[in-house]
Amino acid sequence: MANTAFQPRVFSGIQPSGGLTLGNYLGALKRFADMQNEGNFETIYCMVDLHAITVWQDPADLKRKTRELCAGFIASGVDPEKSILFNQSQVPEHAQLAWIFNTVARMGWMNRMTQFKDKAGKNRENASLGLFAYPSLMAADILIYHATHVPVGEDQKQHLELTRDIAAKFNHDYGVDFFPMTEPVIEGAATRVMSLRDGSKKMSKSDPSDMSRINLTDDADAIAAKLRKARTDPDALPSEVDGLAERPEARNLVNIYAAFADMTVEQVLADVGGKQFSEFKPMLAELAVAQLSPISAEMSRLMQDQEEIDKILRRGAERAREITEPILAKTYDIVGLVR
Ligand code: TYM
């Protein structure tokens, strides 16, 4: 069925499994706020705690990180009045639809998922069954809202292709046009923010080196120091995009600058081409600090009132269930489950 039959709706999620990084901010959170403010979509954003527990999480820590993530969403500009903001486990229809999708998805499809291979590492036999089934729950997160668009960083592309495969197979097997073909929205200059220590590795909360990433909770000094020490090459910045080929660290810093400044990479290079990193890095640090400092200050302020955060999550979950309950009921009916 053409997606025009579905109301324009955005869904996206972030795992509360670690602190937020600059990658999460530029690749996801900043874009979530933009899509909310553009006003073309209903926007639904989720802390995916059920995904987080596919690898071991300390229970008290998980609660703290979920609340901190909620504070991170709000501090980044997601407004819990304009968007629906909640944690996944409070909306049981996600897990219920995921079970149906476990019967639709094929083992062969799941075996191809690179994130599972990366996360399970060498010891696959010891990975949780949940980690293997993770992409099926992710498809359910999206399709339980009939979401039409999903803003994510590049690393989630394969999971979104699988979501389309699951929707298509469900529709085909049951002879319905029930689930939409969701569009990934992987746009902007920072869809893949790389490590500050190694331009071939993604910036990640799980990297053992804290110098490899900027955390949203870092203070101004830490941000400036990490950018100053970021690995680069000895050449000046080029004036054209072609000049960034084979220079992953230079490209990464230019991409980060472009994303903060809401400019294209071409525009940035037109301004800074010819400059040395010794001149460019302080410019980048100034921009980063100006945008990130208010976010980390607001996160700490919000974290002082846990009750308020929990209230926001409960209210978001109630609003979410107004959408998910009828879609799950219809799914059960299509599948032939008596209610
Ligand atoms: P997660 O929690 O790893 O990351 C959350 C979002 O941040 C983006 N991201 C990055 N973008 C650019 N550069 C980086 N270095 C970087 N690191 C992270 C991710 O692409 C993502 O958009 N499986 C998902 C969570 C999820 C989800 C969903 C997303 C569960 N259900 C449904 C969308 C729709 C994940 O692990 O993201």
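Rules used throughout
- Residues numbered from 1 in each chain as written.
- Predicted model: local features only at pLDDT ≥ 70, side-chain atom pairs only at ≥ 80, totals over all residues.
- Heavy atoms only, no water.
- UniProt positions renumbered as here; feature names shortened; annotations may be inferred.
- Near = heavy atom within 4 Å.
- Polar contact = N/O pair within 3.5 Å; in protein donor to acceptor, adjacent residues only side chain to side chain.
- Areas by Shrake-Rupley, 256 points an atom, 1.4 Å probe, with all protein chains shown as cover.
- Helix = DSSP H or I, 4+ residues; strand = E, 2+ residues; numbered from the N terminus.
- Nonpolar A, V, L, I, M, F, W, Y, C, P; charged D, E, K, R; others polar.
- Axes fitted to C-alpha atoms, helices over the stretch in contact; angles between N-to-C directions.
- Parallel < 35°, antiparallel > 145°, perpendicular 65-115°, else oblique.
- Contact = heavy atoms within 4.5 Å.
- Phe/Tyr/Trp six-rings, centres within 6.5 Å; stacked < 30°, edge-to-face > 60°.
- Buried < 20%, exposed > 50% of the residue type's maximum accessible area, 1.4 Å probe, protein only.

Within an unreviewed UniProt entry, the label attached to the protein chain reads Tryptophan--tRNA ligase, and the organism entered is Litoreibacter albidus. The heading Subcellular location (unreviewed entry) in the UniProt record of the protein chain holds the text "Cytoplasm". In its Sequence similarities (unreviewed entry) section, UniProt records this for the protein chain: "Belongs to the class-I aminoacyl-tRNA synthetase family."

Participant: Help me out: how do you make sense of the site of the ligand in this one?
Facilitator: Surrounding the ligand, one finds 27 residues, the nearest of these being Gln-15, Tyr-134, Asp-141, Asp-155 and Val-193. Interatomic distance of 2.6 Å between a side-chain N/O atom of Tyr-134 and a nitrogen atom of the ligand. The backbone of Gly-153 places a nitrogen or oxygen atom 2.9 Å from an oxygen atom of the ligand. The fraction of the free accessible surface of the ligand (710 Å²) that becomes covered by protein chains is 96%. Contributing elements (two or more residues each) for the shell around the ligand: β1 (9-14), α1 (22-38) and α7 (129-143). Its residues assigned to classes, the shell around the ligand shows twelve nonpolar, ten polar and five charged.

Participant: In this structure, what is going on with the packing of helix α10 (residues 248-261) against helix α11 (residues 265-272)? I would like to understand it.
Facilitator: Working note: a packed helix pair is described by the angle between its axes plus the distance between those axes. Running from N to C, α10 and α11 point in directions that differ by 105°, and their axes come no closer than 9 Å. For the element pair α10 / α11, the angle class is roughly perpendicular. In this structure, α10 contributes Val-254, Asn-255, Tyr-257 and Ala-258 to the contact, and α11 contributes Val-265, Val-268 and Leu-269. Partitioning the contact of α10 with α11 into residue classes produces six nonpolar, one polar and no charged.

Participant: Looking at this model, I keep getting lost on the packing of aromatic side chains. Mind explaining?
Facilitator: Aromatic rings considered in pairs are described by the distance between their centres and by the relative angle of their planes. Overall, the coordinates contain 14 aromatic pairs when judged by the stated rule. With a centroid separation of 5.3 Å and an interplanar angle of 15°, the aromatic rings of Phe-11 and Tyr-145 are classed as stacked. Of this pair, Phe-11 sits in strand β1 while Tyr-145 sits in the loop between α7 and β4 (149-151), and the two are 134 residues apart along the sequence. With relative accessibility at 2%, the residue Phe-11 sits in the buried group. According to the relative accessible area criterion, Tyr-145 is buried, its value standing at 0%. For the pair Phe-101 and Phe-179, a centre-to-centre distance of 5.5 Å together with 75° between the ring planes defines the contact as edge-to-face. Residue Phe-101 is located in helix α4 (residues 93-104), and its partner Phe-179 is located in the loop between α8 (157-174) and β5 (183-185); the two are separated by 78 residues in the primary sequence.

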